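Observations on chain architecture
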Amino acid sequence: MAKIAVLGYGTVGSGVVEILDANAESISKKAGQPIEVKSVLDLRDFPGDPIQEKIVHDIDLVINDDEIDVVVEVMGGVEPAFTFVKRALEAGKSVCTSNKALVAAHGAELLAMAKERSLNFMFEASVGGGIPIIRPLNQALTADEITKITGIMNGTTNYILTKMSNDGSSYEEVLKEAQALGYAERNPEADVEGYDACRKIAILTSLADGRTVNFEEITTEGITKISNEDFAYARKLNSVIKLLATSYRKDGKVYAITAPFLIDTTHPLYNVNGVLNGIYVNGNMVGDVMFFGAGAGKLPTASAVVGDIIDCVKHKGTNVCVIWDDEKLELAPTRDEVRSFFVRVKGNASDTAMVKEQFGDVEIITVDGLDNEFGFITDRMTEEAFDKAASNVDMISRIRIDDTKLQ
Ligand SMILES: NC(=O)c1ccc[n+]([C@@H]2O[C@H](COP(=O)([O-])OP(=O)(O)OC[C@H]3O[C@@H](n4cnc5c(N)ncnc54)[C@H](OP(=O)(O)O)[C@@H]3O)[C@@H](O)[C@H]2O)c1
Ligand SMILES: N[C@@H](CCO)C(=O)O
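Predicted model, so just to flag it, every value in this text is computed and none were measured.

Topic: helix H11 (residues 228-236)
Buried within H11 are the following residues: Asp 230, Phe 231, Ala 232, Tyr 233 and Ala 234. Remark: Asn 238 follows H11 within two positions and exhibits a positive phi of approximately 50°.

This is the structure:
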């Protein structure tokens, strides 16, 4: 019998307990022994909940319990999660977490601590909820040099963008729904301002490269400025607006960005809607690979955590090697990136001289009901050249265009 402790009995933590109970028999077969939740650390009591007798409020009761082999950190935030996880590893316990804030900030250090002690630090649920993406990068795709990762990596914002686009729902209303469904972060600013997706692409890029990406250096824009007018133009262009987190390697440099992008029907992520996430990976040998599934929510996320718990139990005494060290991976500047942009400007669609002077002979796009403005799509140009040209027109908004295609 393997005994574990769960830190945090919220959306994910309660899902972990539920799955270990519901699938106890098959999990026991796969792990080679039954897995029992010995204690659950939380700030609250849960009277009436079957877990109530296992609730503890003092982390020392977990750390000092020699029967506990695996600690599952699903509280969120960097502190005290970081301290608790370090203490668990120092006490000889493997750790599984869904906490991307923790992994993006301290992944390399915690992996090194686990390796030194023949333990494991696993974090499959930290990116893409229930979608397997960490293990594929660590194991199945290691023959390749990863040339590009681009994905919809935040369920909350994809849910919001899908509902706003398809049903015309208001931003505030759909954000509340996403919170009620357990998708959003405790402070949903992390979702809607793109910080959560930024941390996820930092984790994936660090795993793909083996060096650490500082997530704070990734250009990051959220979805809060996307308007119903933007969706109207997107529809006219047979396109949708998605929050993409992307990194790619070009001419020996690595670029990374998290921002809303306009994508058309030929894009591999065009049909990834609602809370679903989709992650496209290109390897220099395998070519294109796609990962798709529930990106957030109690049971999908907990499923990925329990997969890690089983792996930790199976590998007790053996470190499953993950190459991610603390050497810094320098990112190339966003201003050098080349792409097209969709732009909305103020003015009459018959008076486009200034736009054409700056951007060349672009095709003018108008939408019925949107007066005194028009849109256009630029040729491919650097971000720096775009910003310079855009400063000379009366721009309302711009959305980058991603033209990833399955090859
Ligand atoms: N929800 C998802 O779909 C999802 C998906 C993937 C990853 N994640 C990640 O998984 C983690 C947990 O998310 P969640 O949605 O399950 O959050 P949650 O519902 O807020 O649950 C967190 C739980 O931890 C407890 N907690 C917080 N600080 C604590 C402390 N210092 N000591 C003991 N207990 C503490 C909270 O108690 P109180 O409520 O009393 O504060 C709460 O019960 C986060 O890192 C999140 O980013 C979530
Ligand atoms: N808040 C996150 C949870 C899953 O990481 C999201 O919406 O994707």
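Regarding empty space enclosed by the protein
Under the criterion given, the structure shown has 1 cavity of 30 Å³ or more. Quantified by volume, the largest cavity comes out at close to 90 Å³. Mapped onto the lining of the largest cavity, the elements with two or more residues apiece are strand E7 (146-152), helix H10 (195-209) and strand E9 (239-250). No other element matches E7, which puts 4 residues into the lining of the largest cavity. Along the lines of polarity and charge, the residues of the lining of the largest cavity split into 5 nonpolar, 3 polar and 3 charged.

Concerning the side chain of His 267
Structurally, His 267 is set in the loop between strand E10 (253-264) and strand E11 (276-283). The contact partners of His 267, leaving out residues within four places of it in the chain, are Leu 244, Asp 402 and Thr 404.

Points about the site of ligand 1
Contacts to ligand 1 come from 23 residues, most closely from Asp 42, Ser 98, Lys 100, Glu 185 and Gly 297. Here an oxygen atom of ligand 1 sits 3.2 Å away from a polar atom, N or O, in the side chain of Lys 100. At a separation of 2.7 Å, an oxygen atom of ligand 1 approaches a polar side-chain atom of Glu 185. When the free accessible area of ligand 1 is taken as 890 Å², the share hidden by the protein chains comes to 85%. According to the grid-proximity analysis, the pocket containing ligand 1 is the largest pocket.

A few points about the pattern of salt bridges
On inspection of all chains with the given rule, the structure shows 28 salt bridges. A salt bridge links Lys 200 to Asp 196; its shortest N-O distance comes to 2.6 Å. With Lys 200 and Asp 196 both in helix H10 and 4 residues apart, the pair spans about one turn of that helix. Taking the relative accessible area as the measure of exposure, Lys 200 reaches 3% and is therefore buried. Accessibility expressed as a relative area gives 3% for Asp 196, which makes it buried. In this structure, Asp 230 and Arg 344 form a salt bridge, with 2.8 Å as the shortest nitrogen-oxygen distance. Placement of the pair is Asp 230 in helix H11 and Arg 344 in strand E13 (residues 338-346), with a sequence separation of 114 residues. Look at Asp 230 and you get buried, because its relative accessible area is 3%. Connected via shared salt-bridge partners are Glu 221, Glu 337, Arg 339, Glu 383, Arg 398 and Arg 400.

A short note on the packing of aromatic side chains
For the structure on display, the rule yields 9 aromatic pairs. Taken together, the aromatic side chains of Phe 341, Phe 359, Phe 376 and Phe 386 make up a single cluster linked through ring pairs.

Some remarks on the confidence of the model for the protein chain
Confidence in the prediction of the protein chain, expressed as mean pLDDT, is 97, and 100% of residues score 70 or more. Across the assembled chains, the prediction reports ipTM 0.99 with pTM 0.98.

Structural notes on the packing of helix H7 (residues 155-167) against H11
Look at H7 against H11: their axes get within 10 Å of each other, and the N-to-C directions meet at 70°. By the criterion of interaxial angle, the relationship of H7 to H11 is roughly perpendicular. Only Asn 228, Phe 231 and Arg 235 of H11 make contact with H7, whose side of the interface consists of Leu 161, Met 164 and Ser 165. Among the residues making up the contact of H7 with H11, the classes are represented as 3 nonpolar, 2 polar and 1 charged.

Here's the deal with the UniProt feature "domain: Aspartate/homoserine dehydrogenase NAD-binding" (unreviewed entry) in the protein chain
In this structure's numbering, the residues bearing the UniProt feature "domain: Aspartate/homoserine dehydrogenase NAD-binding" (unreviewed entry) are residues 8-124. Within the segment residues 8-124, helix and strand shares are 44% and 18% respectively, and the terminal C-alpha atoms sit 17 Å apart.

Some details on the sheet that holds strand E5 (residues 94-97)
On the basis of which strands lie adjacent, the open sheet formed by 6 strands has the order E3-E2-E1-E4-E5-E6 and parallel pairing. The sheet is open, and its two edges are formed by strand E3 (55-56) and strand E6 (121-122), each paired on a single side. Of the strand pairs in this sheet, E5 and E6 are connected by 2 bridges, and their pairing is parallel. By the bridge assignment, Cys 96 is partnered in E6 with Met 122. Contacting strand E1 (2-7) and strand E2 (35-41), helix H1 (residues 11-22) runs over the sheet at an angle of about 155° to E1.

A few points about the pairing of strand E17 (residues 395-401)
Two elements, E10 and E17, share 2 bridges in a ladder whose sense is parallel. The residue bridging Leu 262 from the neighbouring strand is Ile 401, located in E17. Here E13 pairs with E17 via 6 bridges, running antiparallel. In the sheet register, Val 345 faces E17, and the bridge partner there is Met 395.

What about H10?
Look at H10: 21 Å from first C-alpha to last across 15 residues, which is about the 21 Å you get at 1.5 Å a residue. Across the 15 residues that make up H10, a large majority, 11, are buried. Restricting attention to buried positions, one finds in H10 the residues Asp 196, Ala 197, Cys 198, Lys 200, Ile 201, Ala 202, Ile 203, Leu 204, Thr 205, Ser 206 and Leu 207. Directly after H10, the chain includes Gly 210, whose backbone phi takes a positive value near 95°.

Rules used throughout
Residues numbered from 1 in each chain as written. Chains lettered and ligands numbered in written order. Predicted model: local features only at pLDDT ≥ 70, side-chain atom pairs only at ≥ 80, totals over all residues. Heavy atoms only, no water. Buried < 20%, exposed > 50% of the residue type's maximum accessible area, 1.4 Å probe, protein only. Helix = DSSP H or I, 4+ residues; strand = E, 2+ residues; numbered from the N terminus. 1 Å grid on protein atoms, 1.4 Å probe; cavity = no way out; pocket = protein on both sides within 12 Å on 5 of 7 lines; lining within 4 Å. Points joined across faces, edges and corners; volume = space filled by probe spheres on them. Nonpolar A, V, L, I, M, F, W, Y, C, P; charged D, E, K, R; others polar. Contact = heavy atoms within 4.5 Å. Near = heavy atom within 4 Å. Polar contact = N/O pair within 3.5 Å; in protein donor to acceptor, adjacent residues only side chain to side chain. Areas by Shrake-Rupley, 256 points an atom, 1.4 Å probe, with all protein chains shown as cover. Sits in = over half its atoms within 2 Å of the grid points. Salt bridge = Lys/Arg side-chain N within 4 Å of Asp/Glu carboxyl O. Phe/Tyr/Trp six-rings, centres within 6.5 Å; stacked < 30°, edge-to-face > 60°. pLDDT = per-residue confidence, 0-100. Axes fitted to C-alpha atoms, helices over the stretch in contact; angles between N-to-C directions. Parallel < 35°, antiparallel > 145°, perpendicular 65-115°, else oblique. UniProt positions renumbered as here; feature names shortened; annotations may be inferred. Pairing = 2+ DSSP bridges. Expected span 1.5 Å × (residues − 1).

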